Amino acid sequence: MFRLPDYWPRTYILVFCASFIIAALLMPLAIVLLRKLGVMDAVAENKIHKKPIPRGGGVVIFIAFMVAVLLPGYRSDAMNGILLGAFICLVVGALDDYFGGIPGFYKLITLFFVTLILSHFGVRLNLFKGGLEFLDIPFTMLWIVGVTSAFNGTDNMDGLASGIATIVAGIFFIIALEAYLVTSTQTSLSFFGMLAIALVGANLGFLIFNFNPAKIFMGDSGSFFLGFTLAALGVMGEWTENRVIACTIPILILAVPLFDFAYIIITRIISGETRTLRDIIDHCAPDHLSHRLVWFGFSQRQAVLLIYLICMSLGVTGILLRNSDRLIDSQLALFQGLSIVAIVIILMVTAERRHRETHEKHQEEINGHLEALHHRHGDPHDTEDDTTPHKAVV
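Note that this is a predicted model, so its numbers are computed, not measured. (Residues numbered from 1 in each chain as written. Predicted model: local features only at pLDDT ≥ 70, side-chain atom pairs only at ≥ 80, totals over all residues. Heavy atoms only, no water.)

Student: Describe unusual backbone geometry, and please don't skip the residues or the numbers.
Tutor: Cis geometry is found at the peptide bond from N212 to P213, where omega equals 0 degrees. Mapped onto the elements of the fold, P213 is located in the loop between α7 (190–210) and α8 (219–236). (Helix = DSSP H or I, 4+ residues; strand = E, 2+ residues; numbered from the N terminus.)

Shown next, in the form of structure tokens:
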């Protein structure tokens, strides 16, 4: 006889379907509305799209996410803190989309503020003991700011940020579902899984319109709230009792945006592109992992799909690390994750060198062509015959 799924599996199915359908149905309306309002991402030297595209799809992602997680009627302090913080990030990001940019300093202050909100609702890292618990909040703040800023940087190519968000949230959901299947009852990760699967559905609904060639961008309204929400889920996830492993798992799952962010900041400082904290916060350039893969000769689609694969590989490594019972298993999982990161480092360094060599060669060809033209035609003033009589000036 057919038996309905238990509460949480049934809830997961409901939340996923609701978030996906709402995002997919509202996105065409958002495209039309954003065009009428003039909320467009213009073509610029530091961007790769060739025509203005509506930005602000993150508002629809948020609506789909919020409605879906509120449908089951489940509430908790941690959930309230995450939803409130996500809403604040959405508003700040939407203002950025509408007005065409707000200073990064104000976004930084916003992240400090929402971290305090999370802490008030009990969502914070638990790293320290023995009277050092006061350090948990600063480290939580560092994590929230770092992950949100890193994820914001992935919104640089069609389908990239939404795809990464889908994969990361999907890995979070698998961990929550695994915990439920092992215990066959509600766990502390149950509503964590509900938030994660809502993000999966909402981003998939958006990805239909955002994958190359994109019809709409998520804008800062999407990248800011999604980065914060993924960071918050990374904080509240009860990964394992071992504190070192518990810190490593979310870093592995979010390794693609985190490593990309750290690498470009370091290289920009070394090259002298950024010299002050304000420069680091505000600087925007096409030098991320996705851009470097295009320098290698990948198309935009190929670059995005390869990053998807890297992200999934690191996410699976995080799952393996969480499930490892023996020291050797943990070491092998860590080695696998570090090997993937090493491959990415090689790709980024090699791509930068090739891009620089290609640019230098192209510049040499241009200079050589100009020099050849100069020798062929000479200077018009030098070829003028000094004996030619000049007309009188009247």
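Student: Outline a nonpolar patch on the surface, supporting the account with residue identities and numerical values.
Tutor: A contiguous nonpolar surface patch, about 720 Å² in accessible area, is contributed by L33, L37, F87, V91, L95, Y98 and F99. Of all the elements in the fold, those that place two or more residues in the nonpolar patch are α1 (7–37) and α3 (77–99). Ranked by residues supplied to the nonpolar patch, first place goes to α3 with five residues. You can see L95 is positioned in helix α3. (Patch = residues over 30% accessible without salt bridge, like charges linked within 9 Å, V, L, I, M, F, W, Y side chains within 5 Å. Areas by Shrake-Rupley, 256 points an atom, 1.4 Å probe, with all protein chains shown as cover. Salt bridge = Lys/Arg side-chain N within 4 Å of Asp/Glu carboxyl O.)

Student: Go over helix α12 (residues 289–296), please, and point to the residues and values.
Tutor: All of the buried residues in α12 are L289, S290, H291, R292 and L293. A positive phi of about 120 degrees marks G297, the residue just after α12. (Buried < 20%, exposed > 50% of the residue type's maximum accessible area, 1.4 Å probe, protein only.)

Student: So what's going on with the side chain of D97? Which residues, and what values?
Tutor: The residue D97 is located in helix α3 in this model. Overall, the relative accessible area of 3% leaves D97 in the buried class. With residues up to four places along the chain from it excluded, the contact list for D97 reads V39, R55, G56, M218, G219, D220 and S221. (Contact = heavy atoms within 4.5 Å.)

Student: I'd like a rundown of the packing of helix α6 (residues 160–183) against α7, residues and numbers included.
Tutor: At their nearest, the axes of α6 and α7 sit 8 Å apart, and the two run at 155 degrees to each other. Here α7 runs roughly antiparallel to α6, going by the angle between their axes. Regarding α6 and α7, the two cross each other, and that crossing is left-handed. Seen from α6, the contacting residues are S162, G163, A165, T166, A169, G170, F172, F173 and A176; seen from α7, they are F192, G193, A196, I197, L199, V200, N203, L204, F206, L207 and N210. Considering only residue class, the contact of α6 with α7 consists of 13 nonpolar, seven polar and no charged. (Axes fitted to C-alpha atoms, helices over the stretch in contact; angles between N-to-C directions. Parallel < 35°, antiparallel > 145°, perpendicular 65-115°, else oblique. Left-handed = near helix turned anticlockwise from the far one by under 90°. Nonpolar A, V, L, I, M, F, W, Y, C, P; charged D, E, K, R; others polar.)

Student: Outline the pattern of salt bridges, listing residues and values.
Tutor: Across all of its chains, the model carries eight salt bridges by this definition. With a closest N to O distance of 2.2 Å, D220 and K107 form a salt bridge. Residue D220 is found in helix α8, and its partner K107 is found in helix α4 (residues 104–120); the two are separated by 113 residues along the sequence. For the pair formed by D220 and K107, the shared burial category is buried. One salt bridge connects R326 with D329, and the closest N-O pair in it is separated by 3.2 Å. Each member of the salt-bridge network shares a partner with another, and the members are D41, R55 and D97.

Student: Lay out the nonpolar core in plain terms, naming residues and giving numbers.
Tutor: Ranked by size, the top nonpolar core spans 106 residues in total, and within it F65, F172, F191, L195 and F225 carry the most contacts. When residues of this core are assigned to their parent elements, the largest contribution, 14 residues, is made by α6. Setting aside residues up to four positions removed in sequence, F172 forms contacts with F192, A196, L230, L233, G234, W239 and I253. (Core = buried A, V, L, I, M, F, W, Y, C linked by side-chain atoms within 4.5 Å.)

Student: Could you give an account of the environment of A78, naming the residues involved and the relevant values?
Tutor: If you trace the backbone, A78 turns up in helix α3. In the structure, A78 is positioned 14 residues away from A64 in sequence and 20 Å away in space, judged by C-alpha atoms. With residues near it in sequence (within four places) discarded, A78 still touches F121, V123 and F191.

Student: Hey, could you go over the packing of aromatic side chains for me, with residue numbers and the actual values?
Tutor: Taken as a whole, this structure holds 14 aromatic pairs when the rule is applied. With centroids separated by 5.1 Å and ring planes inclined at 90 degrees, the aromatic side chains of Y98 and F99 adopt a geometry described as edge-to-face. There is no split in this pair, since Y98 and F99 are both exposed. Relative to Y106, the ring of F105 has its centre 6.0 Å away and its plane inclined at 70 degrees; by these criteria the two rings are edge-to-face. (Phe/Tyr/Trp six-rings, centres within 6.5 Å; stacked < 30°, edge-to-face > 60°.)

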